[in-house]
Each structure stands twice: as C-alpha cells, then as structure tokens.
Amino acid sequence: MVETMYWADDALYLLDQRALPNEVTYVKCGSAEEISAGIQDMVVRGAPAIGVAAAYGVTRAVQDSCSDLAVDWELVLQKIATLRASRPTAVNLMWAIDRMTALIDQLRSSPVRVVIDAFLEEAKAIELEDVSINQRIGDHGSSLCRDDMRILTYCNAGALATAGYGTALGVIRSASRDFENISVYACETRPYLQGARLTAWELMQDQIPVTLMADNMVGYAMDQGLIDMVVVGTDRVAANGDVANKIGTYTVATMAKRHAIPFYVACPVSTIDFSTASGDLIPIEQRAAEELTGYQDKQWAPSQVKVLNPSFDVTPSELVAGLITEHGIVPSTSDGIRHIQSVLSGELR
Ligand code: MRU
C-alpha cells in the first residue's frame, strides 16, 4: 500500500486522497496551518489518520513558534486551537492533540532543541502505535470470520484512513490471511464516494476480491443473501455504545438488523469518547453543498438548490453486535465501554 502520510525535512506530506484513484500525489504541509487545511479539505481523512496528522500538526506548531532561545507557548496554543477546530466529529483528532499537548507542561523550561525533538518523537510514536493497534484489531476481528465469508463495508476504514493496515479493512486483511475466499462488498458512500474511490482501490491494490455497489443496493444485497457480516469503522463511540460513522451507516445497520446479519464496528480505543454520554451529544459535521451537488469540476444538481449534507450519522448501540478493539471484542454498551475503561486504567497503573 502507498503511505497515507510521511514526515520529511520538517514537513508533513499527505497523500492527496481527493485525487484517488486517478492519481497518487502528495501535498506538502510545511506549517501547522497547512496541516489544519489538509484535514479540513479532506486531503487526509478517516479518524485515526486525522489524529496522526494533527499530532504532526502540533509538532509543526511548536517549530513555527520558536526562536533559537525560547518557545512562544501562547502562539503554540493558538495554532493548536486551529488544528482542533479543523473537523468536529472524529474524536481521534482531539485525542491526539490532547496527548501532544500534555508534553507542554513537562517541557516548558527545556531547551528549544529538546522540546522540538520530544514533540516529533511523540508524533512518530502515535503514528507507529496506530499501525500495530490496527493489526491487533484485525486479528481480533478475524476470529469472527470463516471461509467464504462475504463482508460488507461502508466508507473507507482502511490503510488510507489510518497510519496503515486499517480498522474495518484491517479485519478484512487479517481474515483474508487466515481464511479462504474472503470477499467484500464496498458501498459507494455518497456523497464523497470514499467507498468507490478509496475502499475499492485499496482492496484491489491488495488483491482482495471486492464488488462495488451503490448505497441504495444494501437492502437488495441483504435480501438476496449476499452478505454474511458488516464491518465498518467509526469516528466516535459514545459512553453508552452509540457509534458515529459516515452518513448512511445507520441505514446499513438498520438493514443488517432486519436481515439478522451481524453489524460490527472496528476501532482503536482512542475513538471511544468516555466523556460523551450518548450519540445524540456527538457533534455532527455539516459539509459544503458542493460535495453533494457535484464532484471536482462536475456538477449534476441545479446550482442554488437547497442541500442537506451531514457528514456523519449515529447508529444506536442496540444495532451494533460488538466493538472490535485492540483489547478484544466487547459489547457496544455502557458495560462494554466500562470494561475498556478499566483495562486502560489497569494499563496506566
Ligand atoms: O469524512 P471521512 O472520510 O473522514 O469519514 C471517515 C469515516 O467515516 C470512517 O469510517 C471513520 O473515520 C473510521 S476510519 C478508520
């Protein structure tokens, strides 16, 4: 797989996901502001990838705010606020920024070179950890699979949405390694087409059999007995197990319930928002009308038409068969989330 992003010569290079699958090209982001813009403009997207990019963004914020002798911490905090506001739903963004910001108190009176090295090291650690976490998610998820399984996925929760391997597509990658004849149905994912442009491309790169379908074919496919399991990613899981993911996920989960098809959500625990009680409190990003009325230089809807374009919806916990995390598979309920919380506090001790 191509790299979602890489750091070189004090800049973050983001794979331009807007150009996929037609072109593999990177956007150079040489400042915290350029990284914020890259997140907002969907150059990089997918909750964990946004988190990793933001971690490098904080590093750049520090680099952009220092002289040889001192760091202007007020300026750093202003740049961090811009990064934090770049997209509202994926909690990995806030998680990564909080983890990076925790370094400030430790390093306030250290020499500038030490400060910059420490921030860069932490961002690199977040990136590396993400790949190994996804491999663990994949391996746990594979235990739910068997030969000949046909798995439906929505949006792109793959290597492209993370630092590598993917969450939902990580499960599919591990299952393809462990079982014979795993195949995937990828929904197109209107309006921004992450399924058609990214998931189909990513799976084809790995020679995992994939069939593309429009989002409104989900009911038909399930009714025809074509789907054995659904696995998707998520941008934020609330403390009661409600799950925010790409707009349309709720419809897929509802159809899965009707057809008694297990609907699983794969996520690192950094996507769990322990402080948000339920899904109705998760901020849902509303994106520009142009993302629905056309794509790039093509427009198919009448100009000036009124548009509804929420980027995410919330799937209630009762529709979710389980959360596949790096710490194992847990019910997507308050009890399941509390279990994860206790595992985490045990780790910290
Ligand atoms: O708007 P996007 O493309 O950032 O939305 C991405 C998704 O909804 C993914 O399913 C989610 O972030 C999980 S990625 C592992």
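Thresholds applied
Residues numbered from 1 in each chain as written. Predicted model: local features only at pLDDT ≥ 70, side-chain atom pairs only at ≥ 80, totals over all residues. Heavy atoms only, no water. Pairing = 2+ DSSP bridges. Helix = DSSP H or I, 4+ residues; strand = E, 2+ residues; numbered from the N terminus. Near = heavy atom within 4 Å. Polar contact = N/O pair within 3.5 Å; in protein donor to acceptor, adjacent residues only side chain to side chain. Areas by Shrake-Rupley, 256 points an atom, 1.4 Å probe, with all protein chains shown as cover. 1 Å grid on protein atoms, 1.4 Å probe; cavity = no way out; pocket = protein on both sides within 12 Å on 5 of 7 lines; lining within 4 Å. Sits in = over half its atoms within 2 Å of the grid points. Nonpolar A, V, L, I, M, F, W, Y, C, P; charged D, E, K, R; others polar. Domains from an automatic or database assignment. Contact = heavy atoms within 4.5 Å. Axes fitted to C-alpha atoms, helices over the stretch in contact; angles between N-to-C directions. Points joined across faces, edges and corners; volume = space filled by probe spheres on them. Buried < 20%, exposed > 50% of the residue type's maximum accessible area, 1.4 Å probe, protein only.

Draft legend 1. The pairing of strand S6 (residues 210-213), seen in detail. By the bridge criterion, four bridges tie strand S5 (residues 183-187) to S6 in an arrangement that is parallel. Bridging from a neighbouring strand, valine 184 pairs with valine 210 of S6.

Draft legend 2. The site of the ligand, seen in detail. Taken together, 18 residues lie around the ligand, and Arg45, Ala47, Arg87, Asn245 and Lys246 are the ones closest in. Within the side chain of glutamine 194, a nitrogen or oxygen atom sits 2.9 Å from an oxygen atom of the ligand. Contact distances for the ligand include 2.7 Å between an oxygen atom and a side-chain N or O atom of asparagine 245. Against a free-state accessible area of 420 Å², the protein chains account for coverage of 100% of the ligand. Applying the majority rule of atoms within 2 Å of the grid points places the ligand in the largest cavity. Mapped by element, the contributors of at least two residues to the shell around the ligand are helix H2 (47-63) and strand S9 (243-246). Split into classes, the residues belonging to the shell around the ligand amount to seven nonpolar, seven polar and four charged. Of the residues that make up the shell around the ligand, three or more belong to each of domain 1 (5-134) and domain 2 (137-348).

Draft legend 3. Structural detail: the sheet that holds strand S13 (residues 312-315). Taken together, three strands build an open sheet; the order of strands is S8-S9-S13 and the sheet is antiparallel. Looking at the sheet topology across the chains shown, the edges are occupied by strand S8 (236-237) and S13. Pairing geometry for S8 and S9, over two bridges, is antiparallel. Counted as the bridge partner of arginine 236 is alanine 244 from S9. Across the sheet, helix H9 (residues 249-258) is in contact with S9 and S13; its angle to S13 comes to roughly 30 degrees.

Draft legend 4. Expanded view of empty space enclosed by the protein. Within this structure, the stated rule accounts for two cavities of 30 Å³ or more. The volume enclosed by the largest cavity comes to roughly 200 Å³. Around the largest cavity, the lining is made up of 23 residues, and of these Arg45, Gly46, Ala47, Asn156 and Asp235 lie nearest the centre. Broken down by secondary-structure element, the contributors of at least two residues to the lining of the largest cavity are H2 and S9. Per-element tally for the lining of the largest cavity: the top contributor is H2, with three residues. When residues of the lining of the largest cavity are assigned to domains, at least three map to each of domain 1 (5-134) and domain 2 (137-348). By volume, the second largest cavity is sized at about 50 Å³. For the second largest cavity, the full set of lining residues is Pro191, Tyr192, Gln194, Lys246, Ile247, Arg287, Glu291, Asn309, Pro310 and Ser311. Taken together, the residues that form the lining of the second largest cavity break down as four nonpolar, three polar and three charged.

Draft legend 5. Region of interest: the pairing of strand S2 (residues 11-15). Summarising burial for S2: five of the five residues are buried, a large majority. The alternating pattern of S2 places Ala11, Tyr13 and Leu15 and Leu12 and Leu14 on opposite faces, both of which are buried. In this sheet, S2 lies alongside strand S1 (residues 5-8) in antiparallel orientation, the contact comprising four bridges. Paired with tryptophan 7 across the strands is leucine 12, a residue of S2. Two successive antiparallel strands, S1 and S2, enclose a turn made up of two residues, where aspartate 9 displays a positive phi of approximately 50 degrees.

Draft legend 6. Spotlight on the layout of surface pockets. Computed from the structure, the largest pocket encloses a volume of approximately 620 Å³. The wall of the largest pocket is formed by 25 residues, among which Trp95, Arg99, Val269, Ser270 and Leu344 lie closest to the centre. Secondary structure elements with two or more residues in the lining of the largest pocket: H2, helix H4 (91-107), helix H5 (112-142) and helix H11 (334-348). Looking at the lining of the largest pocket residue by residue, the classes come out as 12 nonpolar, five polar and eight charged. There are two domains that each give the lining of the largest pocket at least three residues, and those are domain 1 (5-134) and domain 2 (137-348). A volume near 360 Å³ is recorded for the second largest pocket. For the second largest pocket, the lining is made up of 20 residues, of which Ala289, Glu290, Glu291, Gly294 and Gln296 are closest to its centre. Every element with two or more residues in the lining of the second largest pocket is listed here: helix H10 (290-293), strand S11 (294-295) and strand S12 (298-299). Of the residues forming the lining of the second largest pocket, the biggest block, three residues, is contributed by H10.

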